[in-house]
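Examining the three-dimensional arrangement
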Amino acid sequence: MSATAKKRTPLPEDIIARKGGAPIVSLTCYTTPMAQIMDAHVDFVLVGDSVGMVLHGLASTIEVTMDMMILHGKAVARGLSSTMMVVDMPFGTYEESPQTAFRNAARLMQETGAGAVKLEGGVGMAETIRFLVQRGIPVMAHIGLTPQSINTLGGYKVQGRGETADALVADARAVAEAGAFSVVLEKVPAALADRITAEVAIPTIGIGASAGCDGQILVVDDMLGLFTAFKAKFVKRFATLGADAEAAIADYARAVTAREFPGPEHIFADAVPGETR
Ligand code: KIV
């Protein structure tokens, strides 16, 4: 996709239309400058609840709040002009009842300008997805490894191996039939991801799934090498910005200590006509 090819913000229906076509490109995003960088290159951004671990140093996504999602959603929206924004519903804001989910999803959309919300769960969330979609809220589902459930899943394990494969297919079918416009498949065997992609009518967005999915997503700080606390097998580092930042900061500290910085080009004379910055 070229920067000039993009003219307007895609809608969920544009994402659905990509089923079986050119792969859908997506990344998580949490800040205005990163949104400005991504705007010309991705089909949608996800303000993921991974923000809690990546930017706030939390141990899991379970502590992430509505206020955090709204703060980051607003920041990302300011940086986008042609890309759809999806915002994650945080843990505890949608599981209790479809009505609670509607109130919180509506608030996320009203206060951030998101075009859709994402929530975790399959068969058990189908009724809620249907309730939201029937009331005007586009929903992206998320099945397989659902990080908000690590305490019941027993950690960040691959999901859907062996006898549990059919249950994951049932989850995918249930969210598609409930009206989700796409489904994230996280950390599932590649053959199972391919089977789900073939069996459901909505696009599958893989993370640790298969190159055969209808699209891919990664956590941006993982793929840029900014988040280095750990690296999942499914992460490919496309840059080493964390190491680059550390080298730059060490160089700054050296230059300040040696009184090399600021140099003559960084300091101000008493008065320079026309100088503005
Ligand atoms: O919060 C997140 O970053 C996500 C992606 C991993 C899909 O849900």
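Residues numbered from 1 in each chain as written. Predicted model: local features only at pLDDT ≥ 70, side-chain atom pairs only at ≥ 80, totals over all residues. Heavy atoms only, no water.

1. Focus on the site of the ligand
Thr 28, Leu 46, Gly 48, Asp 49, Ser 50, Asp 88, Lys 118, His 142, Glu 186, Ile 207, Ile 217 and Val 219 make up every residue found near the ligand. Between Ser 50 and the ligand, the recorded distance is 2.5 Å, taken from a side-chain N or O atom to an oxygen atom. The side chain of Lys 118 places a nitrogen or oxygen atom 2.8 Å from an oxygen atom of the ligand. Relative to its free-state accessible area of 260 Å², the ligand is covered by the protein chains to the extent of 95%. When its residues are assigned to classes, the shell around the ligand shows 4 nonpolar, 4 polar and 4 charged. (Near = heavy atom within 4 Å. Polar contact = N/O pair within 3.5 Å; in protein donor to acceptor, adjacent residues only side chain to side chain. Areas by Shrake-Rupley, 256 points an atom, 1.4 Å probe, with all protein chains shown as cover. Nonpolar A, V, L, I, M, F, W, Y, C, P; charged D, E, K, R; others polar.)

2. So, the packing of aromatic side chains
Using the criterion set out here, one finds 2 aromatic pairs in the structure. Measuring from ring centre to ring centre gives 5.4 Å for Phe 227 and Phe 230, while their planes differ by 90 degrees; the resulting arrangement is edge-to-face. Under the relative-accessibility criterion, Phe 227 is labelled buried at 13%. (Phe/Tyr/Trp six-rings, centres within 6.5 Å; stacked < 30°, edge-to-face > 60°. Buried < 20%, exposed > 50% of the residue type's maximum accessible area, 1.4 Å probe, protein only.)

3. A short note on the packing of helix α4 (residues 66-79) against helix α5 (residues 98-112)
Running from N to C, α4 and α5 cross one another at 35 degrees; their axes reach a closest spacing of 9 Å. Where α4 crosses over α5, the handedness of that crossing is right-handed. Contacts between α4 and α5 involve Met 66, Asp 67, Met 69, Ile 70, Gly 73, Lys 74 and Ala 77 on the former and, on the latter, Asn 104, Arg 107, Leu 108, Glu 111 and Thr 112. Each residue belonging to the contact of α4 with α5 can be placed in one class, and the counts come to 5 nonpolar, 3 polar and 4 charged. (Axes fitted to C-alpha atoms, helices over the stretch in contact; angles between N-to-C directions. Helix = DSSP H or I, 4+ residues; strand = E, 2+ residues; numbered from the N terminus. Left-handed = near helix turned anticlockwise from the far one by under 90°. Contact = heavy atoms within 4.5 Å.)

4. Looking at a nonpolar patch on the surface
Taken together, Tyr 252, Val 256 and Phe 261 make up a surface patch of nonpolar side chains, about 280 Å² in accessible area. With respect to the helices and strands, the residue Val 256 is situated in helix α11 (residues 241-257). (Patch = residues over 30% accessible without salt bridge, like charges linked within 9 Å, V, L, I, M, F, W, Y side chains within 5 Å. Salt bridge = Lys/Arg side-chain N within 4 Å of Asp/Glu carboxyl O.)

5. Brief notes about the pattern of salt bridges
Throughout the structure, instances matching the rule amount to 10 salt bridges. When the shortest N-O distance is used, the salt bridge between Glu 199 and Arg 195 registers 3.2 Å. In this pair, Glu 199 and Arg 195 both sit in helix α9 (residues 190-199), 4 residues apart, roughly one turn of the helix. Arg 195 sits in the partly exposed class, given a relative accessible area of 34%. Between Arg 254 and Asp 251 there is a salt bridge; the shortest N-O distance is 3.0 Å. In this pair, Arg 254 and Asp 251 both sit in helix α11, 3 residues apart, roughly one turn of the helix. One salt-bridge network, held together by shared partners, links Asp 166, Arg 173, Arg 195 and Glu 199.

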